[in-house]
Amino acid sequence: QRRVRGPNMSRFHHTRQGAGSGHEDVIVNYKTWDGSNWTARIQNGRFLHTRQGAPSGHEDVILNYKTWDGSNWTLRLAGGNRFHHTREGAGSGHEDVIAN
């Protein structure tokens, strides 16, 4: 499991669970709901998604991802260096600085 923080909403801070330190990057690699591998970056307040191996991608306001336990979640930028998470099928979600 890894935790991703969005310190300034244009860079991600990646840290493995239990690790004392991590690294920053402009991308986050993730698995989307169908299990395929994607990369995202934040550009102009939106996610720019690119499927692994594809030459180009698309922009969106959401990022659909699988968590470490295999459940499906949707991530939105919430402002103030926070993410809004909603579990698939849930009527509401929560805000946090971590996506895991």
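Scoring rules and cut-offs
- One numbering rule holds for all chains: residues counted from 1, following each sequence as written.
- Only residues with pLDDT of at least 70 get local features here, since the model is predicted, and only at 80 or more are side-chain atom pairs given and counted; chain-wide, interface and lining totals rely on the full set of residues.
- Excluding hydrogens and water, the side-chain figures rest on all heavy atoms present in the structure.
- By definition, any uninterrupted DSSP run of H or I lasting at least four residues is a helix, any uninterrupted run of E lasting at least two residues is a strand, and each is numbered from the N terminus.
- Each residue is assigned to one of three classes by its accessible area relative to the maximum for its type, calculated with a 1.4 Å probe on protein chains only: buried under 20%, partly exposed between the two thresholds, exposed over 50%.
- If DSSP finds at least two bridges between two strands, the strands pair.
- As a rule, the C-alpha atoms of each element are fitted with a line to give its axis, helices using only the stretch in contact, and angles between N-to-C directions run from 0 to 180 degrees.
- Note on terminology: a nonpolar core comprises buried Ala, Val, Leu, Ile, Met, Phe, Trp, Tyr and Cys residues joined through side-chain atoms within 4.5 Å.
- Whether two residues touch is decided by their heavy atoms; if any such pair falls within 4.5 Å, the residues are in contact.
- Within 3.5 Å is the distance limit for a polar contact, defined as a pair of N or O atoms, with the added protein rule that one can donate a hydrogen and the other accept it, and that residues adjacent in sequence qualify only through two side-chain atoms.

S.K.: Provide a residue-level description of unusual backbone geometry, including the pertinent values.
M.R.: With a phi angle near 55°, Asn-44 is a residue other than glycine that sits in the positive phi range. Within the secondary structure layout, Asn-44 lies in the loop between β5 (37-43) and β6 (46-51). Judged by relative accessible area, which is 70%, Asn-44 ranks as exposed.

S.K.: Any details on the sheet that holds β6? Residues and values, ideally.
M.R.: The antiparallel open sheet is built from 4 strands, whose spatial order is β4-β5-β6-β7. Of all the strands in the sheet, the pair left with one neighbour each is β4 (28-31) and β7 (58-60). Sheet twist, expressed as the mean angle between neighbouring strand axes with direction ignored, is 35°. The pairing of β5 with β6 spans 6 bridges and is antiparallel. Of the residues in β6, the one forming a bridge with Gln-43 is Arg-46.

S.K.: Can you break down the pairing of strand β9 (residues 72-79) residue by residue, with the values?
M.R.: Where strand β8 (residues 62-66) meets β9, 5 bridges bridge the pair, whose relative direction is antiparallel. Bridging from a neighbouring strand, Lys-66 pairs with Asn-72 of β9. Strand direction decides the pairing type here: β9 and strand β10 (residues 82-87), joined by 6 bridges, are antiparallel. Among the inter-strand pairings, Arg-76 is bridged to a residue of β10, identified as His-84.

S.K.: With reference to specific residues and values, describe the nonpolar core.
M.R.: Core analysis: the largest hydrophobic core is formed by 13 residues, its most contacted members being Tyr-30, Ala-40, Phe-47, Leu-63, Tyr-65 and Leu-75. Counting residues per element, the ones that place at least two in this core are β4, β5, β8 and β9. Among the elements that line this core, the one with the most residues is β5, at 3 residues.

S.K.: Outline the environment of Glu-59, supporting the account with residue identities and numerical values.
M.R.: Inspection of the secondary structure puts Glu-59 in strand β7. Residues Glu-59 and Phe-12 lie 47 residues apart in sequence; the distance between their C-alpha atoms is 17 Å. Glu-59 has contacts with Gln-43, Arg-46, Phe-47 and Leu-48, leaving out every residue within four places of it along the chain. Looking at Glu-59, its side chain comes within polar contact range of the side chain of Gln-43, at 3.3 Å. One polar contact links Glu-59 to Arg-46, side chain to side chain, over a distance of 3.1 Å.

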